Structure formats: C-alpha cells, structure tokens
Amino acid sequence: MTEQILVSQSFPPSENRTDWAATPSGFDAYVMKTYGRFDLTLERGQGCVVRDPQGRSYLDFVAGIATCALGHAHPALVAALTQQIQKLHHVSNLYYIPEQGQLAAWLVQNSCADRVFFCNSGAEANEAAIKLARKYARTVLGIDEPAMITAQSSFHGRTLATITATGQPKYQKDFHPLVPGFTYVPFNDIAAIEAAIADLDAEKRTCAAILLEPLQGEGGVRPGEREYFHAVRRICDEKGILLILDEVQAGMGRTGKLWGYEHLGIEPDVFTSAKGLGGGIPIGAMLCKESCNVLQPGDHASTFGGNPFACAAALCVAQVLETDGFLEGVSARGEQLRAGLQAIANRYPHLVTQVRGWGLIDGMELAADIDLKALDVVKAAIEAGLLLVPAGPKVVRFVPPLIVSEAEVDRAIGMVEKVLAKLAGSDR
Ligand SMILES: *Cc1c(COP(=O)(O)O)cnc(C)c1O
C-alpha cells in the first residue's frame with residue numbers, strides 16, 4: 001500500500017483526472033493487468049452515450065461488449081432494479097424465487113427449449129452445457145469417453161473447459177493441461193465435421209456433442225451458413241449427437257431475431273445465453289429440450305445464479321424486446337449500419353475488404369495485405385468520439401445498444417468515415 005485508500009475517497013481523485021490510472025496509487029497499482037486497456041476512463045452513461053470524468057462524450061457502439069441491450073440508465077431498467085432491490089435482491093436457490101420462475105417461463109415460451117438453468121456469465125452457461133452433454137453421453141448414450149466438436153476461431157469463455165472449447169490457441173497457450181475431450185473443425189465446413197466424427201469413431205472416442213456459435217462473434221463476426229447448420233442438424237439427428245448453440249453474444253435480439261438459430265432455420269438441443277440477457281446486469285442461462293434434461297439435484301449449482309435482482313433485469317429486457325416492432329427496428333438499424341459501412345468499404349477498397357453481420361452485430365474486415373489492424377481503427381475511433389471493439393486482429397466489431405436510433409447510426413457511420421479517411425491518408 002502506497003497510501004491509504006478510503007472507500008469514501010473519489011477514485012480517480014478529482015485533482016488528478018488525467019493519467020490517473022498509471023500513478024503510484026492509481027488503478028494499475030491495484031488491479032491485475034489481465035486486460036490491455038484503452039487510455040479512457042468512463043464514469044457515466046445515458047442511452048447510447050457514455051462520458052469520461054472530464055465530461056467528454058462517446059457514442060457507445062460497444063455496449064459493454066454486446067451486453068447493454070437497453071443502453072445506459074434506461075428508465076425501465078432503473079425502475080425495475082430500484083423496485084427489486086427494495087423488495088429482495090438475493091436469497092438462494094435453496095428456495096423458490098418468483099422472478100426466476102417468471103424469467104424461465106418467458107425463455108421457454110419464446111424459444112425451442114423446455115428447461116432453464118441460471119448462472120452468471122457466458123462461460124458458466126457453456127460450462128453447464130458441457131457438463132449436461134457429458135452426463136447425457138454417459139447416462140443416456142452409454143459413451144464412456146464422450147468427445148465434443150467445436151469450431152476453429154470460436155469463442156466460448158475463459159474458464160478451463162471453455163478455453164478448451166474455444167478453438168483459438170492464443171487463449172490456451174499458457175494454461176495446459178487443458179480439459180480432455182475436445183476436437184476442432186473449421187467453421188461452415190460440413191465435410192470437416194463428417195471427417196472429424198469418423199476419426200473420433202475410429203479412435204473409439206465417440207462424438208457426443210457439437211458446440212457452435214450461430215454467428216461467430218469474438219472470432220471475427222462470421223455468420224453461420226444455413227446449409228451448413230441444416231447438415232449439422234441432420235448428422236446430429238442421425239447419430240444421436242447433441243447440437244449445442246452458444247447464443248451468448250448472438251441471442252436476446254442482438255441479430256434482429258430473438259435467437260441466432262432463427263436465422264439458420266434449425267433448433268438446437270441445448271443453447272446458452274448471457275451477454276445481452278440482463279442488459280448489463282450479470283446473468284447467464286443454459287437451456288435445453290426435455291429430451292436431454294438430465295441434470296438432477298446435486299449435479300450442478302451456482303450461488304448467485306438467477307437471483308431476484310438479475311432476473312428482474314432480464315425480465316425488464318425481455319419486456320422491451322417484446323414491444324411491437326422492436327426486433328424489426330434492430331434489423332432496420334443493422335441494415336442501415338451495414339449499408340453505411342459498405343459505402344465506406346467501396347470508397348476505401350484497399351483498406352476494407354468486407355462488411356458482414358446480422359442485425360446489430362456487424363463486422364468490418366480490413367485488408368490482409370496492409371499493416372492496418374482493427375486495434376488501430378478502434379483507437380482512432382475513440383479519439384473521434386466513437387467506441388468500437390476488435391473481433392480478432394483484422395475485424396472491427398459494431399455492437400451498439402439495441403435501442404440505438406437512426407440518427408445515432410448515421411453519426412457513427414460519419415465518424416467511421418472520418419477515421420478511415422485519416423488512416424487512408426497515413427496508409428497510402
Ligand atoms: C462473451 C462470450 C462468452 C463468454 O461470456 P462471459 O460472460 O465473458 O463468460 C461465451 N461465448 C460467446 C459466444 C461470447 O461472445
């Protein structure tokens with residue numbers, strides 16, 4: 001301790017509001033450096049705008065990485081959470097929680113699933129799905145060494161099992177030994193899945209489940225292809241393999257449909273939700289069909305999972321998503337955004353090679369043969385007053401609050417245009 005910090009003390013101290021994080025008693029002196037943070041401190045927000053301590057405002061097209069579906073300080077969310085915390089905020093899953101039951105009913109009535117397990121994050125939801133798949137394999141299918149197929153450039157979370165499921169060696173490299181039982185295939189490649197299943201059979205490590213994102217988010221905003229997912233569904237049905245979809249980023253209206261699988265015309269056996277579910281309040285869910293509802297008392301648990309406060313947040317988000325025309329609005333804003341970005345791509349074809357996405361999860365891919373990285377664009381955008389986030393080294397991701405207005409999308413497009421014009425000048 002370099003000096004005593006009192007909880008009542010303002011942090012950052014008001015007399016030193018620039019560069020405070022790197023000072024001897026600043027943020028970096030206490031918080032682990034598990035993130036490469038931008039040089040930006042955020043203190044308050046309203047709608048799609050966030051502000052730093054100096055009062056400078058930023059248009060937020062990150063939304064807490066696709067979590068703050070209703071933006072910041074949404075009046076309905078403020079009211080719902082204020083009411084809930086005055087009533088009851090946390091008890092335990094040892095008891096019945098009305099808000100949890102209500103949220104589970106809404107999720108079941110608005111998806112292909114029959115049962116819900118609640119937790120607090122995307123990684124935990126995927127852990128629950130992996131445990132369910134293993135128990136199903138062992139107790140229903142009679143497979144002793146069940147294997148799970150996942151996709152390259154996927155992202156499923158940061159726990160040991162979910163970094164193993166994540167098909168990106170950069171997240172795994174210093175954490176071996178990993179969890180056994182995972183095999184990776186290229187995304188949107190049906191022949192690769194068929195070959196992987198055959199290889200596992202030959203090794204007597206039978207494939208029990210396939211885990212995929214309907215649209216790969218963190219791995220580069222890559223939408224799944226309909227024909228591919230139809231073929232995967234058919235293989236799973238023929239072989240009794242569980243199809244698990246990770247809807248942590250794509251679900252809860254982000255794509256303009258409630259669930260990403262609705263774009264693909266198939267239903268999973270199991271799927272997971274988190275990011276947008278609580279509108280920024282931590283909550284995750286693992287949902288399954290009755291046919292694979294194998295978890296029994298004692299099999300799995302989470303102290304905070306589905307507490308009254310988090311469920312009140314998710315019920316509020318659900319209520320907004322249900323309002324007439326809301327999801328159509330998400331689709332329309334997404335089309336507007338992609339059209340604007342495509343026009344920019346057409347103007348700078350040597351910088352931008354592709355614009356893609358569904359609804360309000362969109363990516364702008366930078367040319368492979370130039371030095372420009374997604375991080376460079378994101379840094380320049382922050383300077384211009386727009387928050388964006390990379391999805392891999394070469395893709396800039398756009399995931400604004402779902403309540404973003406037409407005017408705000410236009411403003412964001414204008415800022416991206418300026419940023420690229422500036423970067424094009426320095427890159428030519
Ligand atoms: C963010 C994300 C996760 C991990 O969620 P956490 O809440 O950070 O644990 C898992 N899967 C996908 C698709 C994600 O985008």
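To be clear, the structure that these remarks concern was listed above.
Read on for a plain summary of the structure. These numbers come from a predicted model, not from an experiment. (Residues numbered from 1 in each chain as written. Predicted model: local features only at pLDDT ≥ 70, side-chain atom pairs only at ≥ 80, totals over all residues. Heavy atoms only, no water.)

1. Some points on the site of the ligand
Logical step 1: Around the ligand, the neighbouring residues are S121, G122, A123, N126, F155, H156, G157, E213, D246, V248, Q249 and K275.
Logical step 2: A distance of 2.7 Å separates an oxygen atom of the ligand from a polar side-chain atom of Q249.
Logical step 3: The side chain of K275 places a nitrogen or oxygen atom 2.6 Å from an oxygen atom of the ligand.
Logical step 4: At three residues, helix α4 (residues 122-141) tops the list of elements feeding residues into the shell around the ligand. (Near = heavy atom within 4 Å. Polar contact = N/O pair within 3.5 Å; in protein donor to acceptor, adjacent residues only side chain to side chain. Helix = DSSP H or I, 4+ residues; strand = E, 2+ residues; numbered from the N terminus.)

2. Looking at the packing of helix α3 (residues 98-109) against helix α8 (residues 308-322)
Logical step 1: For the pair α3 and α8, the least separation of the axes is 9 Å and the interaxial angle reads 35 degrees. For the element pair α3 and α8, the recorded crossing hand is left-handed. Within the contact between the two elements, α3 uses E99, Q100, Q102, L103 and W106 and α8 uses P308, C311, A314, L315, A318 and E322.
Logical step 2: Of the residues that constitute the contact of α3 with α8, the class distribution is seven nonpolar, two polar and two charged. (Axes fitted to C-alpha atoms, helices over the stretch in contact; angles between N-to-C directions. Left-handed = near helix turned anticlockwise from the far one by under 90°. Contact = heavy atoms within 4.5 Å. Nonpolar A, V, L, I, M, F, W, Y, C, P; charged D, E, K, R; others polar.)

3. Focus on empty space enclosed by the protein
Logical step 1: By the definition in use, this model includes two cavities of 30 Å³ or more.
Logical step 2: I130, A133, R134, P146, A147, M148, G181, F182, A208 and A209 together form the lining of the largest cavity.
Logical step 3: When residues of the lining of the largest cavity are traced back to their parent elements, those giving at least two are α4, β5 (147-151) and β7 (207-212).
Logical step 4: For the lining of the largest cavity, the leading source of residues is α4, giving three residues.
Logical step 5: In the lining of the largest cavity, the residues fall into eight nonpolar, one polar and one charged.
Logical step 6: If you trace the second largest cavity, you find it lined by A66, A69, Q249, G251, M252, R254, G276 and L402. (1 Å grid on protein atoms, 1.4 Å probe; cavity = no way out; pocket = protein on both sides within 12 Å on 5 of 7 lines; lining within 4 Å. Points joined across faces, edges and corners; volume = space filled by probe spheres on them.)

4. Digging into the layout of surface pockets
Logical step 1: Estimated volume of the second largest pocket: approximately 780 Å³.
Logical step 2: The wall of the second largest pocket is formed by 29 residues, among which N93, Q100, V116, F117 and H300 lie closest to the centre.
Logical step 3: A per-element tally of the lining of the second largest pocket places strand β4 (residues 115-119) first, with four residues.

5. Topic: a nonpolar patch on the surface
Logical step 1: A contiguous nonpolar patch, built from L88, V91, L94 and Y95 and spanning about 410 Å² of accessible area, is present on the exposed surface.
Logical step 2: Of note, Y95 is situated in the loop between α2 (75-87) and α3.
Logical step 3: Assessed through its relative accessible area of 53%, Y95 is described here as exposed. (Patch = residues over 30% accessible without salt bridge, like charges linked within 9 Å, V, L, I, M, F, W, Y side chains within 5 Å. Areas by Shrake-Rupley, 256 points an atom, 1.4 Å probe, with all protein chains shown as cover. Salt bridge = Lys/Arg side-chain N within 4 Å of Asp/Glu carboxyl O. Buried < 20%, exposed > 50% of the residue type's maximum accessible area, 1.4 Å probe, protein only.)

6. So, unusual backbone geometry
Logical step 1: Along the chain, H176 connects to P177 via a cis peptide bond; the corresponding omega equals 0 degrees.
Logical step 2: Its location among the elements puts P177 in the loop between α5 (160-165) and β6 (182-185).
Logical step 3: If you check the backbone angles, A63 has positive phi at about 55 degrees while not being a glycine.
Logical step 4: Examined against the element boundaries, A63 turns out to sit in helix α1 (residues 63-66).
Logical step 5: Although it is not a glycine, I65 adopts a positive phi angle of roughly 55 degrees.

7. Remarks on the nonpolar core
Logical step 1: Core analysis: the largest hydrophobic core is formed by 110 residues, its most contacted members being F61, I210, M364 and L420.
Logical step 2: By residue number, the principal contributor to this core is α8, which donates eleven residues.
Logical step 3: With near-sequence residues (within four places) excluded, L420 lies in contact with I344, Y348, L351, V352, M364 and V377.
Logical step 4: In terms of nonpolar packing, the next biggest core, distinct from the first, is built from 22 residues, F117, A165, L211 and C292 among them. (Core = buried A, V, L, I, M, F, W, Y, C linked by side-chain atoms within 4.5 Å.)

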